[in-house]
Amino acid sequence: MHDSPGGRPISRVPARPLDGRTAVVTGAARGVGQALARSLSEAGMRVALLGRERATLLETAASLAGPSICVVCDVTDRSALAHAARRVETEFGPAAVVVANAGIAVSGPFDRTAAELWQRVIDVNLIGSANTARAFLPQLTAARGYFLQIASTAAFGSAPMMSAYCASKAGAESFALALRGEVEPDGVQVGIAYLHWTGTDMLTGIDDHPVLEALRRNQPRPARRVHTAAQVAEWLTRGITHRAPHIYAPPWLRWCQPLRPLFPALVARATRRELRSRPSEDMSSPVEVLGAGGRADWNSYRASRPAPPPDR
């Protein structure tokens, strides 16, 4: 603390406020989680990488600038998360930053999406976030830390053919807002990150995907830009450093918040126009899990389920 020219005290922000502290990132094997783990490591943090893909987690850990540990963990498994939390505290001390980033998406008509697959998206993106908070909240309380919920502009206006993803991200935002009020008195701060089009494998072949291509085409030109995972991670790290209540990636999204009541009607109008102007088979793309990370989660989940009894 020092005095300003006018004699008023000014708090000096440390040059590297994250240095030497512990961060936990779920969904760290790929995409934004992977890029964020690297960015936080470069900021001086010890990073615990949680994810479903052991080989990819180890590759990411090997690329980090500082100390790290990898924990293969399904965020829908509370016991596995409790084990991960114990390991993080034993090896690195209490987590000061926890990022609930793990997420998957499925695209396709609701009535053609298997109920189990639709629920899996909700379980990973929403229930998994709550499980992550539950497992690490004691550590965050001890460290007076920061919990970051990765949300999406999908929470602003729900898109057809993406019902599970949009519902899960809207729910995750609402969960984080409720949690913020509960934990603030204990010194824990909760941030929500709103991500727009980000160049991860979830968006591979975006222009060949009729649903995602139509969504982008109906947005204003600046909103169509796809940002790299590294750039998004830089924005997230900046927000984490300042314990921001909201992080926008890209930053101009903050100006969309006051307009949110308009977005559902705008999306519905664009959707009606698309559905009327294009053959139904063009818009009714096959139901699919988007991205290699999502497919890895879905395949692991199905492999862990008991086989159905044989027909008699």
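For the structure itself, consult the block above.
Calculation criteria
- Residues numbered from 1 in each chain as written.
- Predicted model: local features only at pLDDT ≥ 70, side-chain atom pairs only at ≥ 80, totals over all residues.
- Heavy atoms only, no water.
- Salt bridge = Lys/Arg side-chain N within 4 Å of Asp/Glu carboxyl O.
- Helix = DSSP H or I, 4+ residues; strand = E, 2+ residues; numbered from the N terminus.
- Buried < 20%, exposed > 50% of the residue type's maximum accessible area, 1.4 Å probe, protein only.
- 1 Å grid on protein atoms, 1.4 Å probe; cavity = no way out; pocket = protein on both sides within 12 Å on 5 of 7 lines; lining within 4 Å.
- Points joined across faces, edges and corners; volume = space filled by probe spheres on them.
- Nonpolar A, V, L, I, M, F, W, Y, C, P; charged D, E, K, R; others polar.

Undergrad: Help me understand the pattern of salt bridges, please; the structure alone is not making it clear to me.
TA: Opposite charge on two side chains allows them to pair when their charged atoms are near. Scanning all chains against the criterion turns up eight salt bridges. Its salt-bridge partner being E53, residue R30 comes within 2.9 Å of it at the nearest N-O pair. Remark: E53 occurs in the loop between β4 (46-51) and α2 (54-62) and R30 occurs in the loop between β3 (22-26) and α1 (31-42); sequence separation between them is 23 residues. With a relative accessible area of 16%, E53 lands in the buried category. Between E91 and R87 there is a salt bridge, with the nearest N and O atoms lying 2.8 Å from each other. With E91 and R87 both in helix α3 (residues 78-92) and four residues apart, this pair spans about one turn of that helix. What emerges from the salt-bridge pattern is a single network uniting R52, D74, R120 and D297.

Undergrad: What exactly am I supposed to notice about empty space enclosed by the protein here?
TA: Unoccupied space between atoms shows up once a probe the size of one water molecule is rolled over them. Tallied over the full model, the rule gives one cavity of 30 Å³ or more. In this model, the largest cavity occupies a volume close to 30 Å³. Grouping the constituent residues of the lining of the largest cavity by class yields six nonpolar, four polar and no charged.

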